[in-house]
Amino acid sequence: AQSVTQPDIHITVSEGASLELRCNYSYGATPYLFWYVQSPGQGLQLLLKYFSGDTLVQGIKGFEAEFKRSQSSFNLRKPSVHWSDAAEYFCAVDEYSSASKIIFGSGTRLSIRP
Amino acid sequence: GAVVSQHPSWVICKSGTSVKIECRSLDFQATTMFWYRQFPKQSLMLMATSNEGSKATYEQGVEKDKFLINHASLTLSTLTVTSAHPEDSSFYICSASVGHSNQPQHFGDGTRLSIL
């Protein structure tokens, strides 16, 4: 079955440390890939997206993600986290690459240690 | 740009009443709008997809008579939870898209619905 997997439910990192959130997908073709962030009680904000081209994508708030076709992964990274980065992060896939239905991963909750 | 406004942000009502949630694209025309439901500490589950002027397409397991969706204009979609019961309490989020293949969905801030 087609799916999006975020293997880490909860991650805690120290402020200033680097961050990597994992995302794997299981689709035959290359879908459109997204990372969204959700603060408590709020909607989702798009951090970055990958449609095609350069496999290293730069997003807002200093985030980047790298698409690796061989590993079916789209991991999110940030070199130095800030306390304000504490939130829920969702990886998502547009399986038909047509701005249609998005499938969300289960999310990774990021906590920041002072 | 690409702002989606959702209203109300929080609503509490008695069991048996109907509740309407609005989703507006403020600075773009949304050909397609999506409605999601999110349970505490869980991911978003797509409920339905609506295209302007057409009937909504509901995901499997979502009762279309329970969750009425209207997308009468390119900037407004509404979700009405009819005869709401406590089990309908949840966080509902809408998103909007211009419908082109290289444009992502833009999300509203969500509506927390509590049924007493």
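Residues numbered from 1 in each chain as written. Chains lettered and ligands numbered in written order. Predicted model: local features only at pLDDT ≥ 70, side-chain atom pairs only at ≥ 80, totals over all residues. Heavy atoms only, no water.

Asker: I would appreciate a short explanation of the overall build of chain B in the present structure.
Answerer: Each helix and strand counted, chain B has 0 helices and 11 strands in total. Along the chain direction, N to C, the helices and strands of chain B fall in the order β-β-β-β-β-β-β-β-β-β-β. For 116 residues, the compact-globule formula gives about 13 Å, and the C-alpha radius of gyration of chain B, at 13 Å, lands near that figure. For chain B, the spread of C-alpha atoms along the three principal axes comes to 40 × 25 × 25 Å. Across the 116 residues that make up chain B, the buried fraction comes to 47%. Taking contacts inside chain B between residues at least 6 apart in sequence as the whole, the part at least 24 apart equals 55%. Accessible surface computed for chain B: about 5800 Å², of which carbon and sulfur atoms make up 51%. (Helix = DSSP H or I, 4+ residues; strand = E, 2+ residues; numbered from the N terminus. Rg over C-alpha atoms; globule rule 2.2 N^0.38 Å. Buried < 20%, exposed > 50% of the residue type's maximum accessible area, 1.4 Å probe, protein only. Contact = heavy atoms within 4.5 Å. Areas by Shrake-Rupley, 256 points an atom, 1.4 Å probe, with all protein chains shown as cover.)

Asker: What's the story with the interface of chain B and chain A in this structure? I'm lost.
Answerer: By a widely used convention, the size of an interface equals the accessible area lost when the partners come together. Taken residue by residue, the interface counts 23 residues in chain B and 21 residues in chain A. In total, chain B and chain A occlude about 1500 Å² of area from one another, counting both sides; carbon and sulfur atoms represent 59% of this. Among the elements of the structure, β4 (32–38), β5 (44–51) and β9 (90–97) of chain B are those that each provide at least two residues to the side of chain B that touches chain A. Across the side of chain B that touches chain A, the residue classes tally to 8 nonpolar, 12 polar and 3 charged. (Buried area = accessible area lost by both parts, 1.4 Å probe. Nonpolar A, V, L, I, M, F, W, Y, C, P; charged D, E, K, R; others polar.)

Asker: What am I meant to see in the state of the cysteines here?
Answerer: Think of a disulfide as a covalent bridge from one cysteine sulfur atom to another cysteine sulfur atom. This model, assessed by the stated rule, comprises 2 disulfides over all chains. What pairs with cysteine 23 of chain A in a disulfide is cysteine 91 of chain A, and their sulfur atoms sit 1.9 Å apart. Judged by the torsion about the S-S bond (-65 degrees), the cysteine 23 of chain A/cysteine 91 of chain A disulfide is left-handed. Separated by 68 residues along the polypeptide, cysteine 23 of chain A in the loop between β3 (19–21) and β4 (24–25) and cysteine 91 of chain A in strand β10 (residues 87–94) bring together distant segments of the chain. Both residues of the pair, cysteine 23 of chain A and cysteine 91 of chain A, count as buried. There is a disulfide in this structure between cysteine 23 of chain B and cysteine 94 of chain B, and the S-S distance comes to 2.0 Å. With the S-S bond torsion at 80 degrees, the cross-link from cysteine 23 of chain B to cysteine 94 of chain B turns out right-handed. In this pair, cysteine 23 of chain B is assigned in strand β3 (residues 19–25) and cysteine 94 of chain B in strand β9, connecting sequence segments 71 residues apart. Neither residue differs from the other here; cysteine 23 of chain B and cysteine 94 of chain B are each classed as buried. Here cysteine 13 of chain B is not cross-linked by a disulfide; its sulfur's nearest cysteine counterpart is in cysteine 94 of chain B, at 18 Å. (Disulfide = S-S within 2.5 Å.)

Asker: Looking at this structure, I do not really get the confidence of the model for chain A. What am I missing?
Answerer: Low-pLDDT stretches of the model should not have their predicted coordinates read in fine detail. Of the residues in chain A, 92% have a pLDDT of 70 or more, and the chain-wide mean is 90. At the low end of the mean pLDDT range in chain A sits strand β11 (residues 102–104) of chain A, at 87; at the high end sits β3 of chain A, at 98. (pLDDT = per-residue confidence, 0-100.)

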